Amino acid sequence: MKNNTLTSISVEKTKESRIHEVDFDNLSFGKIFTDHMFVCDYKDGAWQTPKVMPYQAISLFPSASVFHYGQAVFEGMKAYKDNDGQILLFRPEDNFERINKSAKRLAIPEFPKEYFFEGLSTLLKLDTNWIKKGEGNSLYVRPFVIASEAGVRASAALEYKFFIICSPAQSYYSGEVRVKIEEHYSRASSGGFGYAKAAGNYAGQFYPTQLANQEGFQQIIWTDSKTHEFVEEAGTMNLFFRINDTLLTGPISDTILDGVTRKSVISVAKDNDMDIEVRPIKVSEILTAAKNGSLKEMFGAGTAAVINPISGFGFRDERFELPKIENSFASYFKEYLVALQTNKADDPYGWRYVVE
Ligand SMILES: *Cc1c(COP(=O)(O)O)cnc(C)c1O
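Every residue gets a number counted from 1 within its own chain, in the order that chain's sequence is written. Under the rules for a predicted model, residues below a pLDDT of 70 receive no local features and side-chain atom pairs below 80 are neither given nor counted, while totals for whole chains, interfaces and linings still include all residues. Hydrogens are left out, water is left out, and the side-chain values use all remaining heavy atoms of the structure.

Chemist: In this structure, what is going on with the overall build of the protein? I would like to understand it.
Modeler: A count of helical and extended segments in the protein gives seven helices and 19 strands. The globule rule used for comparison is 2.2 Å times the number of residues to the exponent 0.38, while the radius of gyration itself is calculated over C-alpha atoms. At 21 Å, the protein has a C-alpha radius of gyration in line with the 21 Å of a compact globule built from 356 residues. Its C-alpha atoms give the protein principal-axis dimensions of roughly 60 × 50 × 40 Å. Burial status across the protein gives 51% buried among its 356 residues. Working rule for contacts: check all heavy atoms of both residues, and any pair within 4.5 Å makes them a contact. Expressed as a percentage of contacts within the protein between residues at least 6 apart in sequence, the contacts between residues at least 24 apart total 71%. Here a helix means four or more residues in a row that DSSP labels H or I, a strand means two or more in a row labelled E, and each is numbered from the N terminus. When a residue's accessible area, from a 1.4 Å probe over protein chains only, is under 20% of the maximum for its type it is buried; when over 50% it is exposed; and in between it is partly exposed.

See the structure below:
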């Protein structure tokens, strides 16, 4: 990475905030965006001086590379406000490293660290009123990069745009989630880019997910593309299974995204002397456990919902419902991680990041 030193971000403030039009008690996820956005252009071989400006539509030529070849990567993180009014992020260094890991795989130039953190800080402080204190409130932060160069040549673009946009969010309750263990379609393949938060990975999931929706499932559990014998992950969540009191999750690979929530759950589980195994998980062992009653819980882990309990699953023609249990691992992890994120619990890990 080039050693860019940042002198200043140019800031253009909105003339009139839209915040008064927003009903913060009835937000649907990712629909409304704050007053400002961060933008940085890449051209002539370098990232240019970043800007913070009013959130607005952007203009690109129809030939822009991103529309044709999908050269685009993104991140998802959340900002919170604690009772003292401090703006907090959770492990944002990991998101920064991951967007560059994703970028590298998509032949997108890496983004300088100073720009990322100063951009975040300038933006979040400017839109601070959009981050509400109190239970369940957060600001979903979406950094992303697109290939903006005009021209339909099928090779890595020479021009890009890096953005950060922010959307106020409430605690996410998705209702009961039932998942289908998928054996026909694949999300990612070995040697591919499943580990990257690359736009195309999500586009390719929509159709199989629509088919699963028609069968009564909300989401898909993807299996490995070669044998379909091993579970991998869900759409935007890593997966955990609890068999008796043992917690299982699959290892990170080039087909499984290295989730910040997943690794936080693993650390917390280890520090609580929970029995946790990080290893390839066979579909057949989940079926056996569901049938003999030892499968106690399944849940997804990801920034949007933090922890999302799964109430049942389908495999081929069979349907399984999980028992309703008290003191679930899922609710323990959710409460603890949210307490860490919002400064309601001590942070022995140093995961909390105060925006200054
Ligand atoms: C974003 C994402 C996750 C979860 O990652 P977090 O860092 O915990 O938000 C898991 N799987 C996929 C495919 C994802 O895109």
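Chemist: What am I meant to see in unusual backbone geometry here?
Modeler: Unusually for a residue other than glycine, Asp 44 sits at a positive phi of about 50 degrees. Residue placement: Asp 44 occurs in the loop between strand 2 (36-43) and strand 3 (46-47). According to the relative accessible area criterion, Asp 44 is exposed, its value standing at 74%. With a phi angle near 55 degrees, His 228 is a residue other than glycine that sits in the positive phi range.

Chemist: I keep staring at the packing of aromatic side chains and nothing clicks. Help me out?
Modeler: Within a pair of aromatic rings, the relevant descriptors are the distance that separates the centres and the angle that separates the planes. Centres within 6.5 Å are what make two rings of Phe, Tyr or Trp a pair, Trp counting through its six-membered ring; a difference in plane orientation under 30 degrees is then read as stacked, over 60 as edge-to-face, and the rest as tilted. Counted under the stated rule, the structure contains 26 aromatic pairs. Summarising the aromatic geometry, the rings of Phe 111 and Tyr 115 are spaced 5.9 Å apart at their centres and angled 80 degrees between planes, so their arrangement reads as edge-to-face. The pair formed by Phe 111 and Tyr 115 is uniform in burial state, with each residue classed as buried. Relative to Phe 162, the ring of Phe 111 lies with its centre 3.7 Å away and its plane at 10 degrees, an arrangement referred to as stacked. Taken as a pair, Phe 111 in the loop between helix 2 (92-105) and helix 3 (113-126) and Phe 162 in strand 9 (residues 160-169) lie far apart in primary sequence, 51 residues in all. There is no split in this pair, since Phe 111 and Phe 162 are both buried. Ring pairing ties together the aromatic residues Phe 38, Tyr 42, Trp 47, Phe 96, Phe 111, Tyr 115, Phe 116, Phe 117, Tyr 160, Phe 162 and Tyr 353, which thus form one cluster. In our convention, an over-ring charge means Lys NZ or Arg CZ found within 6 Å of a ring centre and within 35 degrees of that ring's normal. Lying over the aromatic face of Phe 24, Lys 132 brings its terminal NZ or CZ to 4.6 Å of the ring centre. Over the aromatic face of Phe 329 sits the side chain of Arg 242, whose NZ or CZ is 3.8 Å from the ring centroid.

Chemist: Would you mind going over the site of the ligand with me for this structure?
Modeler: Residues are classed as near a molecule or strand on a simple rule: at least one heavy atom within 4 Å of it. Around the ligand there are 16 residues in total, and Lys 197, Tyr 202, Glu 233, Thr 261 and Thr 303 lie nearest to it. Within 3.5 Å is the distance limit for a polar contact, defined as a pair of N or O atoms, with the added protein rule that one can donate a hydrogen and the other accept it, and that residues adjacent in sequence qualify only through two side-chain atoms. One of the side-chain nitrogen or oxygen atoms of Arg 98 is found 2.8 Å away from an oxygen atom of the ligand. At 2.8 Å, a side-chain N or O of Lys 197 approaches an oxygen atom of the ligand. Values of accessible area rely on a 1.4 Å probe in the Shrake-Rupley scheme; residue burial ignores everything except the protein chains shown. Compared with its free state, where it exposes 390 Å², the ligand has 98% of that area covered by protein. Among the cavities detected, the one that contains the ligand is the largest pocket. Broken down by secondary-structure element, the contributors of at least two residues to the shell around the ligand are helix 5 (260-271) and strand 15 (295-302). Under the grouping applied here, Gly and all other residues not named as nonpolar or charged are polar, the nonpolar ones being Ala, Val, Leu, Ile, Met, Phe, Trp, Tyr, Cys and Pro and the charged ones Asp, Glu, Lys and Arg. Residues of the shell around the ligand, tallied by class, amount to five nonpolar, seven polar and four charged. Cavities and pockets are found on a 1 Å grid laid over the protein atoms alone: a cavity is a set of points where a 1.4 Å probe fits but cannot escape, a pocket is an open set with protein on both sides within 12 Å along at least five of seven lines, and a lining residue has an atom within 4 Å of such a point. Here the criterion for a molecule occupying a pocket or cavity is that more than half of its atoms lie within 2 Å of the pocket grid points.

Chemist: Explanation requested: the layout of surface pockets in the structure shown.
Modeler: One way to see where empty space is left: roll a probe the size of a water molecule over the atoms. Here the largest pocket defines a volume of roughly 750 Å³. Lining the largest pocket are 33 residues, with Tyr 202, Gly 235, Thr 236, Met 237 and Ala 304 sitting closest to its centre. Of all the elements in the fold, those that place two or more residues in the lining of the largest pocket are strand 8 (138-147), helix 4 (199-214), strand 11 (219-221), helix 5 and strand 15. A per-element tally of the lining of the largest pocket places helix 4 first, with four residues. Grid points are joined across faces, edges and corners, and a volume is the space filled by probe spheres set on the points.

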